[in-house]
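Close look at the chain arrangement
Listed here are the chains, written in short residue letters.
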Amino acid sequence: MSINEVYQMQYKKEELTRSSHNMNWEICTALQTHQSKIGGKRLLNREMTDVLEDSSMQIPEKAKQEGLVDYADRLSGLYARTYDPLNRKQKGQFFTPKQVSVYMASLFEIHHNKIRLLDPGAGTGVLTAAFCERILSKGEVVDLTLDAYENDANLLPLLEKVLESCKLELEEKGNNVGYNICGQDFILHNEGYFRESDLFLRSENPISYDFVISNPPYYKLNKDSPQSRVTMKLIYGQPNIYMLFMALSANMIRSGGEIVFITPRSFCSGLYYKKFREFLLKNIQITDIHIFESRKDIFSRDEILQENIIIKGRKEGKMNENEKVIISTSKNRNLNKLKNFEVSENDIFYYKNGDVFIRIPTSLSDVEILRIVDSWPNTLKDLGLEISTGPVVPFRAKDYLLPELKENSKSAPLLWMHNIQGTGIVWPLRKNKKALAIHVSGKTMPLLLHVKNYVLVKRFTSKEQKRRLYAAVLLKSDFPYKRVGIENHVNYIHKPKGALSVYEAFGIAAILNTTVIDNYFRTLNGNTQVNSTDIRSLPFPQIKDIIKIGEIVYKSQSYENSLNLDIIVAEILGTNVKMEKTKKGVAKDE
Ligand SMILES: C[S@@+](CC[C@H](N)C(=O)[O-])C[C@H]1O[C@@H](n2cnc3c(N)ncnc32)[C@H](O)[C@@H]1O
């Protein structure tokens with residue numbers, strides 16, 4: 001049986017299921033190819049035509065001189081103005097700006113004349129339109145099949161208009177073009193690509209794509225959702241749908257095929273994406289990463305504050321060792337002042353503690369920093385230390401929170417992020433009526449720590465802040481209480497078997513507060529969260545050097561200013577990295 005026959009059978013089966021549920025509509029009963037020779041069967045069913053008639057949205061025709069991307073972008077704008085932003089957000093609908101679409105399409109290496117392109121989560125088809133413009137600009141005649149998945153019925157008529165325009169325009173130049181629109185859930189409709197064999201093995205499937213271009217939806221899925229169940233092997237904690245789109249696409253391309261995705265950067269680090277990263281790097285050779293320096297205006301129409309990257313990868317039977325990755329950066333979505341440089345894979349893919357992280361240096365000095373810090377021999381675990389998250393979750397512990405410390409021993413100080421000031425702890429410190437203390441009782445005992453020397457690290461900072469890491473020492477000798485509560489937005493570093501010495505604590509806090517570690521951390525993590533997994537993966541120098549740094553810092557009180565810390569750490573470790581002017585080389589503690 002041919003691959004296509006298998007495919008047709010699969011859909012016949014689905015058609016039967018659908019009619020048995022009395023669903024009298026036709027979107028995607030099969031991937032119906034629109035060939036001019038066939039005449040192009042109209043996809044829209046009555047349900048969708050009704051939607052169109054109900055909505056006030058008239059779909060404008062493409063103007064004669066208008067480019068395909070311009071037209072798709074015009075329709076995205078129209079759709080965005082017509083439908084409620086909240087509703088669009090729930091569906092993960094953030095449309096790709098024109099310049100970004102064109103840039104994404106420019107990344108493919110197109111060497112064949114018979115091409116099958118997949119655009120999952122197609123919206124109005126702006127990415128497919130950009131691919132078609134790329135084909136037009138190449139000027140070579142191709143045989144092209146475009147497959148687009150979009151599960152919002154309101155978008156399908158717009159998508160169809162754009163794909164029809166692509167077809168007409170390309171066929172005018174002698175190309176042969178067919179397109180298919182599937183109005184169903186991309187993940188569920190293609191679960192066979194996951195189901196048939198073990199995820200980590202190559203499975204035989206009906207269609208293998210040459211290229212996938214996608215700006216997938218971005219929203220959290222319930223762990224028990226049908227989509228999560230289909231992709232269980234990749235899931236840890238609460239998955240985000242964009243990760244499933246990437247994984248499925250990686251399974252749907254042929255060997256040698258390429259994917260280009262624009263996604264949030266969150267999958268590059270953090271525990272939730274651990275299994276996915278492992279899967280991705282086993283299946284896809286990442287060749288290009290583009291990062292936007294400003295996260296503010298990529299999806300400005302939709303007020304998105306996610307940090308986004310464009311990632312290009314190739315499916316390989318066997319990975320090439322030591323391949324270079326091209327990193328490019330641009331200030332914003334206009335992609336002007338595009339800078340790029342090549343980095344060795346070893347600098348980017350960082351294997352530590354049984355995990356792999358994807359780091360994104362944005363300059364050669366970042367690469368230098370990665371190499372220096374990577375040469376440090378220890379992790380917290382190697383030093384006999386652990387990092388934990390503050391156990392006091394205010395809304396859960398609300399019955400035990402107190403506005404003041406009581407005079408007897410029935411209460412303990414409560415430390416929040418705002419108590420981290422410079423490299424020390426300032427308590428009491430009032431902020432927004434936050435509780436200053438917590439009850440000490442049998443019920444709260446599991447939430448409280450014995451007062452010892454700890455290093456406290458803020459759990460939430462943003463790219464726009466001067467530094468990503470803010471660490472401070474809670475010094476037992478300065479804190480005359482028996483117990484302390486640490487709020488959940490603070491991580492604390494401790495020695496499970498014993499206690500940190502004063503110099504160890506100051507040494508660790510000083511290293512975490514340096515510009516070198518700040519830059520290192522930024523290559524690793526683009527979230528607002530400072531995950532404890534990321535800190536666990538950080539290299540630290542030898543303990544004797546940590547102690548030496550801690551002693552100098554403690555005695556000289558020079559931790560007031562991170563520039564001094566940089567000098568102290570550089571002197572002890574013999575590292576002197578020249579920071580780029582654009583980096584936070586002179587950042588001071590807040
Ligand atoms: C981030 S938007 C991108 C749209 C378009 N590709 C672009 O670049 O402008 C993601 C699209 O995926 C669609 N979508 C969401 N969940 C989907 C699913 N499970 N299957 C197919 N499409 C989905 C949304 O309706 C939305 O149009």
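One numbering rule holds for all chains: residues counted from 1, following each sequence as written. In view of the model being predicted, local features appear only for residues whose pLDDT reaches at least 70, and side-chain atom pairs are presented and counted only at 80 or more, with totals across whole chains, interfaces and linings using the full set of residues. Neither water nor hydrogens contribute to the side-chain values; these are computed over all heavy atoms in the structure.

Moving on, we come to the overall build of the protein. We count a stretch as a helix when DSSP gives it H or I for four or more residues in a row; a strand needs E for two or more, and each element gets its number in order from the N terminus. What the protein contains, in helices and strands, is 19 helices and 22 strands. Considering the protein as a whole, with its 590 residues, one finds that 58% of them fall into the buried category. Considering only intrachain contacts with a sequence separation of at least 6, the fraction spanning at least 24 residues in the protein is 75%. Here the open area of atoms and residues is found with the Shrake-Rupley method and a 1.4 Å probe, where only the protein chains shown may cover a residue. A total of about 26100 Å² of accessible surface is found on the protein, and carbon and sulfur atoms cover 51% of it. Only protein chains enter the accessibility calculation, which uses a 1.4 Å probe; a residue whose area is less than 20% of its type maximum is buried, one above 50% is exposed, and one in between is partly exposed. A contact between two residues is defined here by any heavy atoms of the two lying within 4.5 Å.

As a packed pair, helix α6 (residues 126-138) and helix α7 (residues 156-172) sit with axes 10 Å apart at the nearest point and diverge in direction by 5°. Taken together, α6 and α7 sit at an angle that is classed as roughly parallel. Of the residues in α7, those in contact with T128, A129, C132, I135 and L136 of α6 are V162, L163, C166, E169 and L170. Under the grouping applied here, Gly and all other residues not named as nonpolar or charged are polar, the nonpolar ones being Ala, Val, Leu, Ile, Met, Phe, Trp, Tyr, Cys and Pro and the charged ones Asp, Glu, Lys and Arg. When the residues that make up the contact of α6 with α7 are grouped by side-chain class, the tally is eight nonpolar, one polar and one charged. Fitted lines through C-alpha atoms serve as axes, helices being fitted only where they are in contact, and the angles separating the N-to-C directions of these axes extend from 0 to 180 degrees. If an angle is under 35 degrees, it is roughly parallel; if it is over 145, roughly antiparallel; if it lies from 65 to 115, roughly perpendicular; otherwise it is oblique.

As a further point, take the site of the ligand. Contacts to the ligand come from 24 residues, most closely from Q93, T96, G121, E150 and F186. Pairs of N or O atoms are called polar contacts if they sit within 3.5 Å, as long as, within protein, a hydrogen donor faces a hydrogen acceptor (for residues adjacent in sequence, only side-chain-to-side-chain pairs). Here a nitrogen atom of the ligand and a side-chain polar atom of D185 are 3.0 Å apart. Coverage of the ligand by the protein chains reaches 99% of its 590 Å² of free accessible surface. At the level of elements, α6 and α11 (241-252) are the ones that each hand at least two residues to the shell around the ligand. Within the shell around the ligand, the residues separate by chemical class into 12 nonpolar, eight polar and four charged. Here a residue is near a molecule or strand as soon as one of its heavy atoms is found within 4 Å of it.

Attention now moves to the side chain of N190. As for its placement among the helices and strands, N190 is situated in the loop between α8 (186-189) and α9 (192-195). Within the local environment of N190, its side chain forms a polar contact with the side chain of Y149, the two groups lying 3.4 Å apart. At a separation of 2.9 Å, a polar atom in the side chain of N190 contacts the main-chain carbonyl oxygen of F186. Beyond its immediate chain neighbours, meaning those up to four positions away, N190 contacts Y149, L248 and M252.

Turning our eyes to something else, we now look at the pattern of salt bridges. Salt-bridge detection follows one rule: a side-chain nitrogen of Lys or Arg within 4 Å of a carboxyl oxygen of Asp or Glu. With the rule as written, the count across this model stands at 23 salt bridges. A salt bridge links E169 to K62; its shortest N-O distance comes to 3.1 Å. Taken together, the residues E169 in helix α7 and K62 in the loop between α2 (46-54) and α3 (68-82) connect sequence positions 107 residues apart. Each of E109, E258 and K312 takes part in one network of salt bridges that share partners.

The next point concerns the side chain of H418. Here H418 lies in the loop between β14 (411-415) and β15 (420-421). The residues touching H418, leaving out its near neighbours within four places in the chain, are L429, K431 and K434.

The quantity known as pLDDT measures the predictor's confidence residue by residue, on a range of 0 to 100. On average, residues of the protein score 83 in pLDDT, and 82% of them reach the 70 mark or higher. Contacts of residues 580-590 to residues separated by more than four positions or lying in other chains number 30 contacts, the stretch itself having pLDDT below 50.

Taken in spatial order, the nine strands of this open sheet run β3-β2-β1-β4-β5-β7-β6-β8-β9, and their pairing is mixed. Single-partner strands in this sheet number two, and they are β3 (176-182) and β9 (339-344). For this sheet, the mean angle separating the axes of adjacent strands, direction not counted, is 15°. A pair of strands counts as paired when DSSP detects no fewer than two bridges linking them. With seven bridges joining them, strand β6 (residues 284-292) and strand β7 (residues 308-315) adopt antiparallel strand pairing. Its bridge partner lying in β7, I289 is registered against I311. Relative to the sheet, α7 contacts β2 (143-149) and β3, its axis offset from that of β3 by approximately 170°.

All right, on to the sheet that holds strand β18 (residues 448-450) then. Judged by pairing direction, the sheet is mixed, and its five strands sit side by side in the order β13-β17-β14-β21-β18 without closing on themselves. The strands lining the two open edges of the sheet, one partner per strand, are β13 (401-402) and β18. Note: β14 against strand β21 (residues 483-486), two bridges, orientation parallel. Pairing of L414 across the sheet is with G485, part of β21.

This brings us to the pairing of strand β4 (residues 209-214). Of all six residues that make up β4, six are buried, and the element is covered over most of its length. Note: strand β1 (residues 114-120) against β4, two bridges, orientation parallel. The partner of L118 across the bridge, within β4, is V212. Pairing analysis gives five bridges linking β4 to strand β5 (residues 253-264), with the strands arranged parallel. Among the inter-strand pairings, I213 is bridged to a residue of β5, identified as V260.

Among the surface-exposed residues, Y236, L271 and Y272 lie close enough to one another that they form a single nonpolar patch of about 290 Å² accessible area. Structurally, L271 can be placed in the loop between β5 and α12 (274-283). Only residues whose relative accessible area exceeds 30% and that form no salt bridge are eligible for patches; like-charged ones are grouped when within 9 Å, while nonpolar side chains (Val, Leu, Ile, Met, Phe, Trp, Tyr) are grouped when within 5 Å.

Side-chain rings of Phe, Tyr and Trp, where Trp is taken by its six-membered ring, are said to pair if the distance between their centres is within 6.5 Å; with planes under 30 degrees apart they count as stacked, over 60 as edge-to-face, and otherwise as tilted. For the structure shown, the criterion picks out 19 aromatic pairs. Taking 5.8 Å as the distance between ring centres and 85° as the angle between the ring planes, the aromatic pair formed by Y79 and F95 counts as edge-to-face. Of the two residues, Y79 is situated in helix α3 and F95 in the loop between α4 (85-90) and α5 (98-106); the sequence distance between them amounts to 16 residues. The class for Y79 is buried, based on a relative accessible area of 0%. Aromatic side chains W427 and F479 sit 6.3 Å apart centroid to centroid with 70° between the ring planes, which places their arrangement in the edge-to-face category. Placement of the pair is W427 in the loop between β16 (424-425) and β17 (437-439) and F479 in the loop between β20 (471-474) and β21, with a sequence separation of 52 residues.

Attention now goes to α3. In a helix, the anticipated span is given by 1.5 Å times the number of residues less one. In a regular helix each residue adds 1.5 Å, so 15 residues correspond to 21 Å; α3 covers 21 Å between its end C-alpha atoms and thus fits that length. The buried count for α3 comes to 11 of 15 residues, which makes it a mostly enclosed element. All buried positions along α3 are accounted for by L68, V69, Y71, A72, D73, L75, S76, G77, L78, Y79 and A80. Elements in contact with the buried residues of α3: α4, α5, α6 and α7.

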